[in-house]
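Secondary and tertiary structure notes
If you want the building blocks of each chain, they are given just below.
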Amino acid sequence: ERQVAMHFGRVMANDTAAQCAYLTRLRAKQLSDTYPLSLKIQDYEKNNLFNSEYENIKTTYFLGVSDSYISAFEQQQACRSDEVPVLLIYREKTDCPECRAQNQILSGPVAARCANVRVYSVPYDYPLMPLQMLADRYNVSAASRQPVTIIDDSIRFEGLRSEDELVTALVSRGAACGPKKN
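Our subject in this report is the structure included herewith. The numbers attached to residues start from 1 for each chain and follow its sequence in the written order. Given that the model is predicted, a residue must reach a pLDDT of at least 70 before its local features are reported, and side-chain atom pairs must reach 80 or more before they are shown or counted; all residues, however, enter totals for whole chains, interfaces and linings. Note that the side-chain values use all heavy atoms of the structure and ignore hydrogens as well as water.

A few words now on the packing of aromatic side chains. Two rings from Phe, Tyr or Trp (for Trp, the six-membered ring) form a pair when their centres sit within 6.5 Å of each other. Planes less than 30 degrees apart are called stacked, planes more than 60 degrees apart edge-to-face, and all others tilted. A full pass over the atoms with the stated rule returns 6 aromatic pairs. Look at F50 and Y54: their rings are 5.1 Å apart centre to centre, the planes differ by 85°, and that puts the pair in the edge-to-face class. Per-residue accessibility, obtained with a 1.4 Å probe over protein chains only, is compared with the maximum for each type, and a residue is labelled buried under 20%, exposed over 50%, and partly exposed between these values. F50 sits in the exposed class, given a relative accessible area of 52%. Exposure remark for Y54: the relative accessible area of 3% places this residue in the buried category. Members of the aromatic cluster, each reached through a chain of ring pairs, are Y44, F50 and Y54.

All right, on to the environment of S81 then. Following the sequence through the fold, S81 ends up in the loop between α3 (52-79) and β1 (84-90). Sequence spacing of S81 and K40 is 41 residues, and the spatial spacing of their C-alpha atoms is 30 Å. Contacts are assigned to residue pairs with any non-hydrogen atoms lying within 4.5 Å of each other. Look past the residues within four positions of S81 in its chain and what remains in contact with it is Q75 and Q76. As used in this structure description, the phrase polar contact means that two N or O atoms lie within 3.5 Å; if the pair is within protein, one of them must be able to donate a hydrogen and the other to accept it, and residues adjacent in sequence are counted only when both atoms belong to side chains. At 3.2 Å, the side chain of S81 forms a polar contact with the backbone nitrogen of E83. A run of H or I in DSSP counts as a helix once it spans at least four residues, and a run of E counts as a strand once it spans at least two, with each numbered from the N terminus.

Comment: axis = line fitted to C-alpha atoms, over the contacting stretch for helices; angle = value between 0 and 180 degrees taken between N-to-C directions. At a minimum axis separation of 9 Å, α3 and helix α5 (residues 129-137) run at an interaxial angle of 45°. For the element pair α3 / α5, the angle class is oblique. The way α3 lies across α5 gives a crossing that is left-handed. From α3, F62, L63, S66 and Y69 reach across to α5, where they touch P130, L131 and L134. By the convention adopted, Pro, Cys, Tyr, Trp, Phe, Met, Ile, Leu, Val and Ala count as nonpolar, Lys, Arg, Asp and Glu as charged, and the other residues, Gly among them, as polar. The residue inventory of the contact of α3 with α5, partitioned by class, reads 6 nonpolar, 1 polar and no charged. Comment on the angle field: the value is read as roughly parallel under 35 degrees, roughly antiparallel over 145, roughly perpendicular from 65 to 115, and oblique elsewhere. Helix crossings fall into two classes, left-handed where the near helix is turned counterclockwise from the far one by less than a right angle and right-handed where it is turned clockwise.

Here we take up the environment of P127. If you trace the backbone, P127 turns up in the loop between β2 (117-123) and α5. Under the relative-accessibility criterion, P127 is labelled exposed at 69%.

Here we come to the packing of helix α2 (residues 16-46) against α3. Packed helix pairs are characterised by how far apart their axes lie and by the angle those axes make with each other. Taken N-terminus to C-terminus, the directions of α2 and α3 make an angle of 155°; their axes are 8 Å apart at the nearest point. The angle between α2 and α3 places the two elements in the roughly antiparallel class. Considering only the axes of α2 and α3, their crossing is left-handed. Residue composition of the contact of α2 with α3, by class: 13 nonpolar, 11 polar and 7 charged.

By way of backbone hydrogen bonds, the strands of a sheet pair with one another, either parallel or antiparallel. Spatial strand order, β2-β1-β3-β4: 4 strands in an open sheet with mixed pairing. Each edge of the open sheet is held by one strand with a lone partner, namely β2 and β4 (155-158). Strand-to-strand twist across the sheet, computed as the mean angle between neighbouring axes with direction ignored, equals 15°. Any two strands with at least two DSSP-identified bridges between them are counted as paired. Direction of pairing for β1 relative to strand β3 (residues 148-151): antiparallel, over a ladder of 4 bridges. Bridge pairing in β3 links V86 to I151.

Every case where a carboxyl oxygen of Asp or Glu lies within 4 Å of a side-chain nitrogen of Lys or Arg is listed as a salt bridge. All chains considered together, the criterion is met by 12 salt bridges. A salt bridge links E158 to R156, with the shortest nitrogen-to-oxygen separation between them at 2.7 Å. Residues joined by salt bridges that share partners form a network here, namely R113, E163, D164 and K180.

Mapped onto the fold, E83 is located in the loop between α3 and β1. A distance of 2.7 Å separates polar atoms of two side chains, one belonging to E83 and the other to R27. A polar contact is formed between the side chain of E83 and the side chain of Y120, at a distance of 2.7 Å. In this structure E83 touches R27, A72, Q76, N116, R118 and Y120, once residues within four positions along its chain are discounted.

Structure, rendered in structure tokens:
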């Protein structure tokens, strides 16, 4: 379905307005398809069901997240979207408390303050080509301090960062962030 939609966008959307409408619909579909997968993954993990179906769901989820992250930039270029994409790259194969903490900061207080920010989280050590390509693009490896946070494809942080430090960087890239909530 995604390939046909992309092909349609390249061939049939012959002006900027049509291209933008196509990309907006495509992104909405990507995001609505990915969220239920994250809930399924959580259910499997909560019930300790680490089987082949679980791995298939994770693979589909990570492909969806990486595709959504990449299409955010496509939409920025075609539609002048104001979304500021944040990529959180973390270690999955071994425990990473800092990675979980950074995810909580980004999805909690930062998301509450910054309306036009979307966080995409992927592991660098999961064996999928798109994830490896993202890790290579941002120079993430086992030697990197975890997690690695990329803001709008231009600002790179290693290790756990505070809410204020992240918001300052986001604002510098065009995020609409309000004051700290107590």
